[in-house]
Amino acid sequence: MSIVTQGAPLRRALLLILTGMTLLAAFAVAACRSQPEPSFGGPTVTAIASSAPPAPAGPSVAVRKGALPSAGTDVEPARLDIPELRLRATVSAVGIDRGTGDFAVPPSVDRVGWYKFGPGFQATAGSIVIAGHVDSATQGKGAFFRLGSLEDGDRITLYDRNETAREFRVVARERYAKTKIPLNRYFARDGQVRLTLITCGGPFDARTGHYRDNVVVTAEPVAAR
Amino acid sequence: MNTIPFRRLAAAGALSLVAAGGLTVLSASPAFAATSQVSVVHGIPGQPVDVYVNGERTLENFQPGDVAGPLSLEEGDYDIALTRPGEEVGQAILTVDDAAVPGDANISLVAHLSAQGEPTLTPFPNDVSKLDAGQARLIVRHTAAAPAVDVRAGGEPVFQDLTNPNEAKADLPAGSVSADVVLAGTDDVVLGPTDLNLREGTATIVYAVGSAETDTLDVVAQTIDGLHSSPGGVPSGSGGLADRGMTAPWYAVGAIGLLFLAVGARRLTTR
């Protein structure tokens, strides 16, 4: 075979080839980007969740005053900073959506929600859970839009209303189909204290308006120096 | 401090800890020795006691209004005795022999006054089934020398005609409720009103104790936590902006690219 085309037909053929290559390159870039960020740190999460903090020593039979339980003394987290994501989000205390039984993620996408029934700002055991929107059909990108890009060792700082800081370090990033996610591990009130950030991810079903997956980032406290 | 006229109640086997049918089911297949969690509640005003289990002093100087435990007891029969602090077990003021503890149960053993004002021990099996996320369990037990009562929350009766030694319970949204206790069918308040803080994932057990006659009615509370469940899910996105998956348009882009390449190459090589 030899190249026999000349003049205008040659230019048109080259243009076709160039356009074709450009389109294929775009396709390739999209295909690469569509590969999910790989999970890491799963075994760490399992270890953290199953190791109990040392039990306080005491008499074999505990005796307590049978007083009525007092109002909760949990300190609420008020703000979440993630420098890597240039994120500074207000934290609201939230519970359960009565209608669905789901986590009541704050409707405003620039806020994130702390699960008020679980461990709080001063927790010494269990999982402090904060969930936020990745995005919303009406409000666009949410506070946790780029949560899934956090890497091992990235810092997260939680503040209470008095600006007291508690610093954490990312140890795991995982992605689960919502039907398979081991929520009991992330909403545990025992095991070592850790911060668990949850949002949505994976393929989006435009018909139902839901993502298929949850993205979960686990961070452990950085020892105060 | 001997204001209460204790009567020796040494009826061997008079009391079985199997107080509810549900517990007998649980203990029906004891292939191995299962342990039960047993809490002890002191609801007799004015008389601190030592508690002996199988002749061994387990609780010392146990004060009215206190809750002890839980003790981990293996399935089996137990002799339980209450003495005045420091006294020999032989001089017990209240004994129950061969009390059956089933396996895998959670029990509250309550020393209290009967409706007639006699000291007695009543075992209550505790409902420790998991709660839905956001819920709390309220259990009210009538263990006072008093007639039937209604329990009201926010002025509305929630438990009606509760008598000694029975309980009523409900799973409610966690939070604070203002509660009081009235004589059944009346507005005569005998206890409260008080703010009950019902913590999520926790059973709050409130005992009405004491005696209406001697004006010693009071409440004792016990909590059992760890009954929480996780939320059903975490729905946190509805826009689809974060979906970087390969949608049909992207495949079309790829296909058109291939087509252009093929046509272009063909034009180059043929006339």
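As a reminder, the structure under discussion sits directly above these lines.
This one's a predicted model, so the numbers in the text were calculated from it and none came from an experiment.

Criteria and cut-off values
Residues numbered from 1 in each chain as written. Chains lettered and ligands numbered in written order. Predicted model: local features only at pLDDT ≥ 70, side-chain atom pairs only at ≥ 80, totals over all residues. Helix = DSSP H or I, 4+ residues; strand = E, 2+ residues; numbered from the N terminus. Rg over C-alpha atoms; globule rule 2.2 N^0.38 Å. Buried ≥ 20, exposed ≤ 12 C-beta atoms within 10 Å, placed from the backbone. Contact = placed C-beta atoms within 7 Å. Nonpolar A, V, L, I, M, F, W, Y, C, P; charged D, E, K, R; others polar. Pairing = 2+ DSSP bridges. Expected span 1.5 Å × (residues − 1). Axes fitted to C-alpha atoms, helices over the stretch in contact; angles between N-to-C directions. Arc of directions from axis to C-beta. Parallel < 35°, antiparallel > 145°, perpendicular 65-115°, else oblique. Left-handed = near helix turned anticlockwise from the far one by under 90°.

Moving on, we get to the overall build of chain A. Looking only at helices and strands, one finds 3 helices and 11 strands in chain A. Mapped in sequence order, the helices and strands of chain A form the string α-α-β-β-β-β-β-β-β-β-β-α-β-β. Rg of the C-alpha trace for chain A: 24 Å, well past the compact-globule value of 17 Å for 225 residues, more than 25% over. On the principal axes, the C-alpha backbone points of chain A span a range of 100 × 35 × 35 Å. Here chain A holds 225 residues, and the buried ones make up 36% of them. In chain A, 61% of the contacts between residues at least 6 apart in sequence involve partners at least 24 apart.

Of regular secondary structure, chain B possesses 2 helices and 16 strands. Here chain B, with 271 residues, has 42% of them falling under the buried criterion. Across chain B, every contact between residues at least 6 apart in sequence was considered, and the portion connecting residues at least 24 apart equals 64%.

This part is about the interface of chain A and chain B. Interfaces are often sized by the amount of accessible area the parts lose when they come together. Contacts between the two partners involve 68 residues from chain A, matched on the other side by 60 residues from chain B. When residues of the side of chain A that touches chain B are traced back to their parent elements, those giving at least two are helix 1 (7–34), strand 1 (63–65), strand 5 (127–132), strand 6 (135–136), strand 7 (140–141), helix 3 (183–186), strand 10 (194–205) and strand 11 (210–221) of chain A. When residues of the side of chain A that touches chain B are assigned to their parent elements, the largest contribution, 17 residues, is made by helix 1 of chain A. Among the residues making up the side of chain A that touches chain B, the classes are represented as 38 nonpolar, 21 polar and 9 charged. Relative to strand 4 (residues 66–74) of chain B, strand 1 of chain A runs antiparallel, the two sharing 3 bridges. When the sheet's bridge partners are listed, Lys65 of chain A is paired in strand 4 of chain B with Asp66 of chain B.

All names here are of chain B. Within the fold, Arg152 resides in strand 10 (residues 149–153). Sequence-wise, Arg152 and Glu213 are 61 residues apart; in three dimensions their C-alpha atoms are separated by 22 Å. Setting aside residues up to four positions removed in sequence, Arg152 forms contacts with Pro157, Val158, Ala179, Asp180 and Val182.

With 28 residues, helix 1 of chain A ought to run about 40 Å at 1.5 Å a step, and its terminal C-alpha atoms sit 41 Å apart, in line with that. Regarding helix 1 of chain A, the residues found buried are Leu16, Gly20, Leu23 and Phe27 of chain A.

Residue and element names in this part refer to chain B. If you walk across this open sheet you meet the 4 strands as 12-9-15-16, and the pairing is mixed. Strands at the two margins of the open sheet, each flanked by one partner only, are strand 12 (167–173) and strand 16 (218–224). Mean inter-strand twist for the sheet, computed between neighbouring axes without regard to direction, equals 20°. Examined bridge by bridge, strand 15 (residues 203–209) and strand 16 share 7 bridges and lie antiparallel to one another. Of the residues in strand 16, the one forming a bridge with Ile205 is Gln222.

Take the environment of Pro38 of chain A next. Considering the arrangement of structural elements, one finds Pro38 of chain A in the loop between helix 1 and helix 2 (42–50). Remark: the alpha-carbon pair of Pro38 of chain A and Gly148 of chain A, spanning 110 residues in sequence, is separated by 9.4 Å.

The α-helix winds at 3.6 residues per turn, so residues separated by three or four positions along the chain end up facing the same way. All names here are of chain B. Helix length check: helix 2 (residues 248–269) (22 residues) gives 32 Å between terminal C-alpha atoms against 32 Å at 1.5 Å per residue, within 8%. Among all positions of helix 2, only Gly257, Phe260 and Gly264 are buried. Each buried residue of helix 2 sits inside an arc of 65° when the element is viewed along its axis, so together they form one side. Residues Ala248, Ala252 and Arg266 are exposed on helix 2 and point more than 90 degrees away from its buried face.

Another aspect to go through is the packing of helix 1 of chain A against helix 2 of chain B. Across the interface, helix 1 of chain A lies against helix 2 of chain B with an axial gap of 7 Å and an inter-helix angle of 155°. In terms of their interaxial angle, helix 1 of chain A and helix 2 of chain B are classed as roughly antiparallel. Taken as a pair, helix 1 of chain A and helix 2 of chain B cross one another with a handedness that is left-handed. The residue inventory of the contact of helix 1 of chain A with helix 2 of chain B, partitioned by class, reads 20 nonpolar, 5 polar and 2 charged.

The subject of this paragraph is the sheet that holds strand 10 of chain B. Residue and element names in this part refer to chain B. Within the open sheet, the 4 strands sit side by side as 11-10-13-14. Their pairing is antiparallel. The sheet is open, and its two edges are formed by strand 11 (156–162) and strand 14 (189–198), each paired on a single side. Across the sheet, the axes of successive neighbouring strands diverge by a mean angle of 20°, strand direction being ignored.

All quantities given are derived from atomic positions and should not be read as evidence of function.
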